[in-house]
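The primary structure of each chain is shown beneath.
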Amino acid sequence: MNTLATWPGRGLYAVTDGPRTDLLEAVAQALAGGARLLQYRDESGDAPRRHAEATALLQLCRTHGVPLIIDGDVALARAVGAHGVHLSGIEDDIGTVRAELGEHAIIGVSCRGSLPCAQVAARAGASYISFGTFFLSPTKPLAPRVSIDLLRQSAALGVPRVAIGGITPDNGASLVEAGAEYLAAISAVFRATDVRAAAQRFTDMYSSDQEHPH
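This is a predicted model, so every value here is computed, not measured.

### Quick look at the overall build of the chain
On a plain count of helices and strands, the chain comes out with nine helices and eight strands. A globule of 214 residues ought to have a C-alpha radius of gyration of about 17 Å, and the chain, at 16 Å, matches this closely. Projected onto its principal axes, the C-alpha coordinates of the chain cover approximately 40 × 40 × 40 Å. A burial count over the chain gives 54% of its 214 residues as buried. Summing over all exposed atoms, the chain offers an accessible surface of approximately 9,300 Å²; the carbon and sulfur share of this is 53%. The chain carries 18 positive and 22 negative side-chain charges, and their two centres are separated by 2 Å.

See the structure below:
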């Protein structure tokens, strides 16, 4: 398992959008635009391709000093030596996952709109919590919407908070102001005509934090 000397500074958490022939180039552009975290999200069943892609993405992330998080697949994260894994909820035992991936692994947990879930996950050793969806999401259009107030209410969690769900450079500022340490984006980055420019617009929302290197 790869480890980091410091937690990356606040900013864009870029999440890949499944199989695509230009995955590595698109991710390279997102990283060049300032993404601070990268999640490999691919729900297909093509295990050999997913392993090969995750391995290649890890090398790319290392070049940029950015952690690679694998969505939901602890075995793949362990197999390729990724920096961590993103879990779908607290039904996954965080302690067991950490024992499997190592004490320095980044373990993120989706808590959607639940502050109690976030409190339980933080106490159990989660590295970060994600909340959402905050806006209408092209990826999950039927997902329940979450109030921005949740970010203010969760300020004392003691772990970084990731906002996700329909976030764009045009609507993300309110989430940053409410305390989101990271804005997660799928479509707004990876379906953009210019991926690097889209990533840069997210990065610019956190421009005052740029003195904190990864």
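### Quick notes on helix 1 (residues 23-32)
The complete set of buried residues in helix 1 reads Leu23, Ala26, Val27, Ala28, Ala30 and Leu31. Its buried side turned inward, helix 1 meets strand 1 (11-15), strand 2 (37-40), helix 2 (47-64), helix 8 (187-190) and helix 9 (195-205).

### Quick notes on the pairing of strand 1
Counted residue by residue, strand 1 has five buried out of five residues, so it is predominantly covered. Taken together, the four bridges between strand 1 and strand 8 (residues 182-185) define a ladder with parallel strand orientation. Looking at the pairing, Tyr13 lines up with Ala184 of strand 8. The pairing of strand 1 with strand 2 spans three bridges and is parallel. Paired with Ala14 across the strands is Leu38, a residue of strand 2. Between strand 1 and its parallel partner strand 2, the chain crosses via helix 1, and the hand of that crossover is right-handed.

### As for the pairing of strand 3 (residues 68-71)
Burial of the side chains of strand 3 extends over both faces: Leu68 and Ile70 are buried on one face and Ile69 and Asp71 on the other. The pairing of strand 2 with strand 3 spans three bridges and is classified as parallel. The residue of strand 3 that forms the bridge with Leu38 is Leu68. Where the polypeptide runs from strand 3 across helix 3 (residues 74-80) and back to strand 4 (residues 84-87), its parallel neighbour, the crossover connection is right-handed.

### Things to note about the environment of Arg98
Residue placement: Arg98 occurs in helix 4 (residues 94-101). Accessibility expressed as a relative area gives 18% for Arg98, which makes it buried. In sequence terms Arg98 and Gly84 are 14 residues apart; their C-alpha atoms lie 9.1 Å from each other. Beyond its immediate sequence surroundings of up to four residues, Arg98 is in contact with Glu103, His104, Ala105, Ile107, Gly125 and Ser127.

### Structural notes on the packing of aromatic side chains
Scanning the model with the defined rule gives one aromatic pair in all. Summarising the aromatic geometry, the rings of Tyr13 and Tyr128 are spaced 5.7 Å apart at their centres and angled 85° between planes, so their arrangement reads as edge-to-face. In this pair, Tyr13 is assigned in strand 1 and Tyr128 in strand 6 (residues 128-131), connecting sequence segments 115 residues apart. The class for Tyr128 is buried, based on a relative accessible area of 0%.

### Let's talk about the sheet that holds strand 6
The eight strands are arranged 1-2-3-4-5-6-7-8 in a closed barrel whose pairing can be described as parallel. Mean inter-strand twist for the sheet, computed between neighbouring axes without regard to direction, equals 25°. Helix 2 rests against strand 2 and strand 3 of the sheet, and its axis sits at about 175° to strand 2.

So, how was this worked out
- Residues numbered from 1 in each chain as written.
- Predicted model: local features only at pLDDT ≥ 70, side-chain atom pairs only at ≥ 80, totals over all residues.
- Heavy atoms only, no water.
- Helix = DSSP H or I, 4+ residues; strand = E, 2+ residues; numbered from the N terminus.
- Rg over C-alpha atoms; globule rule 2.2 N^0.38 Å.
- Buried < 20%, exposed > 50% of the residue type's maximum accessible area, 1.4 Å probe, protein only.
- Areas by Shrake-Rupley, 256 points an atom, 1.4 Å probe, with all protein chains shown as cover.
- Lys, Arg positive; Asp, Glu negative; His and termini not counted.
- Charge placed at Lys NZ, Arg CZ, Asp CG, Glu CD.
- Contact = heavy atoms within 4.5 Å.
- Pairing = 2+ DSSP bridges.
- Right-handed = clockwise from strand over helix to strand, strands pointing away.
- Phe/Tyr/Trp six-rings, centres within 6.5 Å; stacked < 30°, edge-to-face > 60°.
- Axes fitted to C-alpha atoms, helices over the stretch in contact; angles between N-to-C directions.

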